[in-house]
Amino acid sequence: MGEEEEENPNQIYITTDVVEEILVRLPLKSILRFKTVSREWRSLMESRRFADRRMSVPKNRKFLAVGNQAQSRFQGDEEIEMVYLKCDEATRPSLTCDGVVCIPEPNWVSVLNPSTGEFNRFCSGPFHYENDMYTGVWWSEFNINSAMGFGKDEVTGKYKVVSMLFDHNHYQILDVDIGQWRKLVPPPYKVETRRKSACVKGSIYWLGLFRKYKMLALDLHTEEFRDVQVLPPLLHSGAARIVNLDDRLAIADICMMKPGWNLEIWIMDAQEETWCMTYSITLAHRFIPMHGRVIEEWSTMFTPLAVSKEGSLFFYDTKKRLFKYDPETDFLCCLSSDICVISPFVENLVRLHPGCVPKTRPPGCSNGRSCLNQVPGSRISKRIKLQIPNILLTSTLVSLICFGYSYRYRT
């Protein structure tokens, strides 16, 4: 009869749940490195559940911008951090959802996760081309001839791309995990192809301001269109933008009818299905003198980004300026006069799967091997303010895992 191994009463036992609780709070760089510790850890940290949990951990406000700090002239702010994305495609107009970036291009759609560095491209078919006429329109956000949408199915957690070509009656949706386009049932009416859409709580919204004032929505799970019946009062200009403002649907518009040239931001209450003008910011006499020139108000568009914990509203405009507004004091300041902001940013560890290569090549794809290419070379850099207490805490937590991980879980 073999001798039974004596148990040490001083042994430390750490369950898998505790390990996950510690890992989910580590910095992004540490998580990416710890994937190499074991297959179990890699499987845990690449799971969709872990990615969703980590996004819910409270962090400082971050914004995604193109280039680097020197180019942006951003000197910093105590309420936000700036993350800089370096890749050629980042300079193009894009759509974002939970830190994942979708970049429509002629004949292609690129999907990038800056947190993991993964970059996939999907062929978008023969009718997806650039329209040069759109580039001369001051309020145009896209020069692609398709109304584009990008967002996450809240039920399955999958990211999807939507393309609607009204001139060709061609409507399709792409599941990024699978890598194949499928046909969509035609929407009830047309929307502007030159305006960006917004994804809020599993639905994509498009705004139509010409001919008829309407808002179209697509549920990404059921893949059914619907008309949004309740809208804010008729907008004043063609410069209105629809955005996701802290998980709420919002519309930003310029009102020139009132004295003062105001930026109005309407926010929708999803439960009550009502709209409320949450912000009305006077812009006159604040923006007009700039670099010895007079800014043309009618050709400037403003996009809300986020509201900080302190209540400050951050937004940017088409002149590459980033602003901070305090509604309590009515104080407005320009944080940067030359920065290309993309969107709010959250660190998202979701994997962009390589997808399934179609057996037949869709029309319009010139490459003979696959309609999905992995494009290397996307890089991300961030301005980091080093905090010694955080480093000591991280080291302590990691040491606890390393010492406890070798012991078996005792029931």
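Residues numbered from 1 in each chain as written. Predicted model: local features only at pLDDT ≥ 70, side-chain atom pairs only at ≥ 80, totals over all residues. Heavy atoms only, no water.

As annotated in an unreviewed UniProt entry, the chain is F-box domain-containing protein from Brassica carinata.

Visitor: Which residues make up helix α4 (residues 48–56), and what values do they have?
Guide: The periodicity of an α-helix, 3.6 residues per turn, causes residues three or four places apart in sequence to face the same way. Residues of α4 that are buried include every one of F50, A51 and R54, and no others. The buried residues of α4 occupy an angular sector of 100 degrees when the element is viewed end-on, so they sit on one face. Of the exposed residues in α4, those oriented more than 90 degrees away from the buried face are R49 and S56. In this structure, the buried residues of α4 make contact with α1 (16–23), α2 (28–34) and α3 (39–45). (Buried < 20%, exposed > 50% of the residue type's maximum accessible area, 1.4 Å probe, protein only. Helix = DSSP H or I, 4+ residues; strand = E, 2+ residues; numbered from the N terminus. Arc of directions from axis to C-beta. Contact = heavy atoms within 4.5 Å.)

Visitor: A description of α1 should follow, citing residues and the corresponding values.
Guide: Among the residues of α1, those classed as buried are V19, E20, I22 and L23. Down the axis of α1, the smallest arc covering the buried residues is 160 degrees, so these residues share one side.

Visitor: Describe the nonpolar core, and please don't skip the residues or the numbers.
Guide: One finds L23, F50, V111, F150 and V161 to be the most contacted residues of the largest nonpolar core, which totals 31 residues. Of all hydrophobic cores here, the second largest spans 20 residues; its members include A252, L283, V307 and Y325. (Core = buried A, V, L, I, M, F, W, Y, C linked by side-chain atoms within 4.5 Å.)

Visitor: Just give me the short version of the sheet that holds strand β24 (residues 331–336), but keep the residues and values in it.
Guide: If you walk across this open sheet you meet the 4 strands as β21-β22-β23-β24, and the pairing is antiparallel. Edge positions in the sheet fall to β21 (302–307) and β24, since each of these pairs with one other strand and no more. Taken over all neighbouring pairs, the strand axes of this sheet differ in orientation by 25 degrees on average, direction set aside. Note: strand β22 (residues 313–317) against strand β23 (residues 322–326), 4 bridges, orientation antiparallel. For Y316, the partnering residue across the bridge sits in β23 and is L322. (Pairing = 2+ DSSP bridges. Axes fitted to C-alpha atoms, helices over the stretch in contact; angles between N-to-C directions.)

Visitor: Which residues make up the packing of aromatic side chains, and what values go with them?
Guide: In this structure the tally under the stated criterion is 7 aromatic pairs. Aromatic pair F150 and Y159: ring centres 6.0 Å apart, planes at 20 degrees, arrangement stacked. Y159 shares its class with F150; the two are buried. Judged by centre distance (6.4 Å) and plane angle (45 degrees), the ring pair of W206 and F225 falls under tilted. Here F225 lies in strand β14 (residues 224–227) and W206 lies in strand β12 (residues 203–208), a separation of 19 residues in the sequence. Classification of W206 by relative accessible area gives buried; the value is 1%. Ring pairs connect the aromatic residues F302, F315 and F323, which therefore count as one cluster. Between R121 and the ring centre of W108, over which it is positioned, the NZ or CZ distance is 4.8 Å. (Phe/Tyr/Trp six-rings, centres within 6.5 Å; stacked < 30°, edge-to-face > 60°. Lys NZ or Arg CZ within 6 Å of the ring centre and 35° of its normal.)

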